[in-house]
Amino acid sequence: QVQLVESGGGLVQPGGSLRLSCTASGSIYLIGVMAWYRQAPGKEREMVASITSRDERAVRGRFTISRDNTKSALYLQIDSLKPEDTAVYYCNADIKERRYSTYQVYWGQGTPVTVSS
């Protein structure tokens, strides 16, 4: 059984920065694309950034997504936080378990980020 667990969320003032982490654990054989999504109250879940298994780091505006395949970890650095960034941030990954040949989509439980003065 595979699990994704996020951490690093919290309350931060506008203009601040946060670094979110996601760690995958379980009977993992391969991890494909990983991504960060977020969902604000009253809005649909949207993708913030994604990264392939062969890349280590990618910058998408104020967001920097990175991964460490040796640790089965995914990170999201958010700079210059704005109130509009307030949302629950979710880790997403395509994972193939050792006992199966099929990739499955996994989601973390989410970590809330609140940007407010």
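For the structure, check the block above.
Keep in mind that this is a model prediction, so the values were computed, not measured.

Caption draft 1: Region of the structure containing the pattern of salt bridges. A full pass over the atoms with the stated rule returns three salt bridges. The partner of Glu46 in a salt bridge is Arg38, and the shortest N-O contact between them spans 2.9 Å. Residue Glu46 is classed as partly exposed on the basis of its relative accessible area of 40%. Classification of Arg38 as buried rests on a relative accessible area of 14%. With a shortest N-O distance of 2.8 Å, Arg62 and Asp85 are connected by a salt bridge. Of this pair, Arg62 sits in the loop between strand E6 (57-60) and strand E7 (63-68) while Asp85 sits in the loop between strand E8 (73-78) and strand E9 (87-97), placing them 23 residues apart in sequence. Owing to a relative accessible area of 1%, Asp85 belongs among the buried residues under this scheme.

Caption draft 2: Expanded view of the environment of Ser17. Considering the arrangement of structural elements, one finds Ser17 in the loop between strand E2 (10-12) and strand E3 (18-25). Look at Ser17 and you get partly exposed, because its relative accessible area is 41%. Separated by 82 residues in sequence, Ser17 and Arg99 have C-alpha atoms that sit 39 Å apart. Those residues within four positions of Ser17 in sequence are excluded, and the remaining contacts are Val12, Gln77, Ile78, Asp79, Ser80 and Leu81.

What counts as what
Residues numbered from 1 in each chain as written. Predicted model: local features only at pLDDT ≥ 70, side-chain atom pairs only at ≥ 80, totals over all residues. Heavy atoms only, no water. Salt bridge = Lys/Arg side-chain N within 4 Å of Asp/Glu carboxyl O. Buried < 20%, exposed > 50% of the residue type's maximum accessible area, 1.4 Å probe, protein only. Helix = DSSP H or I, 4+ residues; strand = E, 2+ residues; numbered from the N terminus. Contact = heavy atoms within 4.5 Å.

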